[in-house]
Amino acid sequence: MDFSSIAFANSLILGLSIASIFFVAALGLTIIYGTAGVINMAHGEFIMLGAYTVYALQTFVGIPYFLCIPAAFFVVGAIGFAIEKSLIRYLYDRPLDTLLATWGVSLVLIQGTRLIFGSDPKYVQIPSFLSTNVEAGGLSLGAFRIFIILMALGLAAAVWFIFYRTDFGIKVRAVTQNREMAASFGINAGQVYSFTFALGAGLAGVAGALFGALNIVLPTMGAGYVVEAFLTVVTGGGALMGSAISSFAIGELQSIFALITNSTFAQFLIFVVIIVFLRFRPQGLISASGKRR
Amino acid sequence: MKLSRRNFLKNSAVASALAAPGIWIPQSRGAWGATLTKGEPIKVGVLFSLTGGLAVPEEDSTLVMQYAIDEINAAGGIAGSPIEPVIIDAKSDFSVYSEKARELILRDKVISIFGCYTSASRKAILPIVMQRDNLLFYPTCYEGAECTQNTVCTGPLANQHSKDLIPYMVENFGKKVFFVGSNYVWPKESNKNAKIWLKNAGGELLGEEYIPLGDSEFGPVLNKIREAQPDFIFSTVVGASDIAFHRQFKQAGFSAEDMPIASLTTGEIETKAMGAEFGAGHFLSAPYFQALENPTNEKFVDGFLSSPYGKNGATHYNMAETYNSAYVFKAAMEKAIENHGFDEVTSARVREACAGVKLGADVSPEGETWVDGDNFNTWLVPKIGRCKSDGSFEIVKQADEHVAPDPFSIYPDAGSCKSNGLVAPDGSVRVDVI
């Protein structure tokens, strides 16, 4: 391979990594939006809570990083469950109010975190073998980025399994398609929503556990990721497959644009592409089936 | 004309419209100025963000300002009057900055404002400060290219900042350099200066990349760096992005030994935030480091960290510059009170008195500095520090003498900044250049 084709191949590989970050950020939002129809403005803060969970467990308890990731899932999932039980479930019939309520929740979570941990930045430690670079014939990618790609694949497979191969998944899909009909068949729709919301929050927690190592851990760190997540979900249409395809496309395009121009202009181009796309396909790539309440 | 209700209203409306300029617009800019009363506290505004994206490091600026004011008040205040800070949270929102600056001047009648970390917020409040002829102490580094009659700056200008850093890096690591910066005015102007120093040092610029402010994806930039293979990197990335940059730099397999990052912003607070292992081996140019060994700095570090304001656990260049601005204010106030009397002190007279104010090595933690009498920026000694494995810095080079601030160093055609305005080469004077 000549020089520029190596650079191009490297940017394709990097695009895969950016795509996996977008996908992991969007996964929890996809589930909550695609299933319950709740536009969760607090999604970025769930990601932030995941990062803080890892920070707290590492600093105060001394748990190794790999155990912190599932811990973040359960801690943030539990917080999501509590929020759903105490607030969101009263608002399912009022989509606009869930928007405001979850935004309020996000403010509470930011300030609460600031009160507990302070507003100075924290960081997440990762094992040193993840802080290396893997190279092969001129191609290279950081080990941690490879780890995120693997995590993205793993999470996608797990979510697919839950939704399409378990009883819970059948109930979720039934409730998504027609809540009243599902309820008349004895499915506890409220409970299904609660666990779905908790699952989405937990996945955001995992995302936070990963991003905390890549970035800075701050009470306001969620704001950046929630934009990525919404872009992915809206472009994808709310379905799992849609999010996977749209994050792949966005990641690759951003990487290639950044190679040809620069990072700032690449971001601008991405927004333009998405706006033009949504002009012609406002429902997104693969719109979630079934009727909305 | 019969005096009817309607006519009366019409006539009085016309009359008041005609009279309005005389009533509402004072004859001089100083007519809004705060006045001091003997025995009453001296009010100053402290306008930084305590929340939002700029809270790091602006929260530290607020804390160190409170510490400095407490210290001054404990030592008897200014001519017997204590300083009373009016602390505002600007919420990292530029419209809040300008709104609150107006409130501070008109409602709280502060004699000066200490505030802002970014050039964007400074430019947001300067029109208001200039309109009311108040005074802004801007306590951090910036790009220059401004000449107002209402600011005093205690941090390094672009021409002071990288002057020693670039030649030092070229000499020790090689000629080839890659510029990375955040995408806004300060990095771009700083890089214009850096290019001049680079040319003088015989260096070669391989590439220049800017990242959106606050963005955390450095993959594409790191790929370009890998391809260009520079000898070192010159960074003007700020804030949260800077921390992400250093972390991803190491995670992408680069090492500080082979390709160090020479930064203008990565100080003690950033290395603490990213984890010291990610900062170790990289370089910073600043007039102040926590590790400076002098009695004033030791007193400052110990005093601050053990005070209620020292909760974040570090001191850094931005804090030292903010701390110094409080003492410049104190010295200027005392001079203005001596010259004009306590009741006659205005913001403009404080500004005037700032000219040439010298902070001795017994006051300034970074060593002796003084305010330039022409452009009201600060003469200081830039130092280069290398981050150690514990996140603190060791000083590897210190300029032999003070470097003069020159806000228009890269725009010689614009003229030079004097106390009465920007004097162009043809002799014409422009005021309020921002």
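Quantities reported herein were computed from a predicted structural model and do not represent experimental measurements.

Each value, and the rule that gives it
Residues numbered from 1 in each chain as written. Chains lettered and ligands numbered in written order. Predicted model: local features only at pLDDT ≥ 70, side-chain atom pairs only at ≥ 80, totals over all residues. Heavy atoms only, no water. Disulfide = S-S within 2.5 Å. Helix = DSSP H or I, 4+ residues; strand = E, 2+ residues; numbered from the N terminus. Buried < 20%, exposed > 50% of the residue type's maximum accessible area, 1.4 Å probe, protein only. Core = buried A, V, L, I, M, F, W, Y, C linked by side-chain atoms within 4.5 Å. Contact = heavy atoms within 4.5 Å. Pairing = 2+ DSSP bridges. Axes fitted to C-alpha atoms, helices over the stretch in contact; angles between N-to-C directions. pLDDT = per-residue confidence, 0-100. UniProt positions renumbered as here; feature names shortened; annotations may be inferred. Polar contact = N/O pair within 3.5 Å; in protein donor to acceptor, adjacent residues only side chain to side chain. Salt bridge = Lys/Arg side-chain N within 4 Å of Asp/Glu carboxyl O.

Moving on, we come to the state of the cysteines. Cysteine pairs can be covalently joined through their sulfur atoms, and such a bond is termed a disulfide. All names here are of chain B. All told, the structure shown has one disulfide over all chains when counted by the stated rule. Residue Cys 147 pairs covalently with Cys 417 via a disulfide, S to S 2.1 Å. Where Cys 147 bonds to Cys 417 through sulfur, the torsion about that S-S bond is close to 85 degrees, and the disulfide is right-handed. Of the two residues, Cys 147 is situated in the loop between strand E4 (136-138) and strand E5 (151-153) and Cys 417 in strand E16 (residues 416-418); the sequence distance between them amounts to 270 residues. Each member of the pair, Cys 147 as well as Cys 417, is classed as buried.

Among the nonpolar cores identified, the biggest contains 73 residues, and Phe 46, Tyr 65, Ile 69, Phe 144, Phe 147, Leu 210 and Phe 211 of chain A are the most heavily contacted of them. Of all the secondary structure elements, the ones that give two or more residues to this core are helix H1 (3-36), helix H2 (43-61), helix H3 (65-86), helix H4 (95-117), helix H5 (143-165), helix H6 (167-177) and helix H8 (189-214) of chain A together with helix H10 (268-274) of chain B. Per-element tally for this core: the top contributor is H8 of chain A, with 15 residues. Excluding residues within four positions of it along the chain, Leu 210 of chain A makes contact with Val 24, Tyr 65, Ile 69, Phe 144, Phe 147 and Met 151 of chain A. In this structure, Met 65, Ile 72, Val 328 and Leu 359 of chain B belong to the second largest nonpolar core, which totals 52 residues.

In this section: the sheet that holds strand E2 (residues 83-89) of chain B. All names here are of chain B. Across the sheet, which stays open at both edges, the five strands sit in the order E2-E1-E3-E4-E5 with parallel pairing between neighbours. Every other strand in the sheet has two partners, leaving E2 and E5 as the edge strands with one partner each. Between one strand and the next, the sheet's axes are offset by a mean angle of 25 degrees, whatever the strand orientation. With two bridges joining them, strand E3 (residues 112-115) and E4 adopt parallel strand pairing. Bridging across to E4, Ile 113 finds its partner in Leu 136. Packed onto the sheet, helix H3 (residues 94-106) meets strand E1 (42-48), E2 and E3 and runs at close to 175 degrees relative to E1.

Chain-level pLDDT for chain A is 89 on average; 97% of the residues reach the 70-or-more range. Of all helices and strands in chain A, the one with the weakest mean pLDDT is strand E1 (residues 133-136) of chain A (84), whereas H3 of chain A scores best (95).

This next bit is on the UniProt feature "transmembrane region" (unreviewed entry) in chain A. Residue and element names in this part refer to chain A. As recorded in UniProt, the sites labelled "transmembrane region" (unreviewed entry) are residues 12-34, 46-79, 99-117, 138-163, 195-218, 225-250 and 256-278. Split by type, residues 138-163 is 81% helix and 15% strand. Its first and last C-alpha atoms lie 40 Å apart. Secondary structure over residues 225-250 splits into 88% helix and 0% strand, and the C-alpha atoms at its two ends are 14 Å apart.

On to the side chain of Asn 191 of chain B, then. All names here are of chain B. Tracing the backbone through its elements, the reader meets Asn 191 in helix H7 (residues 185-200). Engagement of the side chain of Asn 191 in a polar contact is seen with the side chain of Tyr 210, the distance being 3.0 Å. Apart from the residues within four sequence positions on either side, Asn 191 is in contact with Phe 179, Glu 208, Tyr 210, Phe 234 and Thr 236.

Residues and elements named next belong to chain B. Scanning all chains against the criterion turns up 15 salt bridges over all chains. Lys 100 serves as the salt-bridge partner of Glu 103, at 3.7 Å between the closest nitrogen and oxygen. On the criterion of helical spacing, the pair formed by Glu 103 and Lys 100 is a turn pair, its members being three residues apart in helix H3. Take Glu 103: its relative accessible area is 24%, and that puts it in the partly exposed class. Between Lys 224 and Glu 209 there is a salt bridge, and its shortest N-O distance comes to 2.7 Å. Taken together, the residues Lys 224 in helix H8 (residues 219-228) and Glu 209 in strand E7 (residues 204-211) connect sequence positions 15 residues apart. Neither residue differs from the other here; Lys 224 and Glu 209 are each classed as buried.

Residue and element names in this part refer to chain B. Burial along strand E10 (residues 283-286) is two-sided: the residues Phe 283 and Ser 285 and Leu 284 and Ala 286 are all buried. Alignment of strand E9 (residues 261-263) against E10, held across two bridges, turns out to be parallel. Residue pairing in the sheet places Ala 262 in a bridge with Phe 283 of E10. Two strands pair when backbone bridges link them, and E10 and strand E14 (residues 383-387) are joined in this way by four bridges, in the antiparallel orientation. By the bridge assignment, Leu 284 is partnered in E14 with Gly 385.

A few words now on the environment of Asp 164 of chain B. All names here are of chain B. Relative to the helices and strands, Asp 164 is located in the loop between helix H5 (158-161) and helix H6 (165-173). With a relative accessible area of 19%, Asp 164 lands in the buried category. A C-alpha to C-alpha distance of 7.5 Å links Asp 164 and Pro 382, two positions 218 residues apart in sequence. Ignoring any residue separated from it by four or fewer positions in sequence, one finds Asp 164 in contact with Pro 382, Ile 384, Lys 397 and Ala 399.

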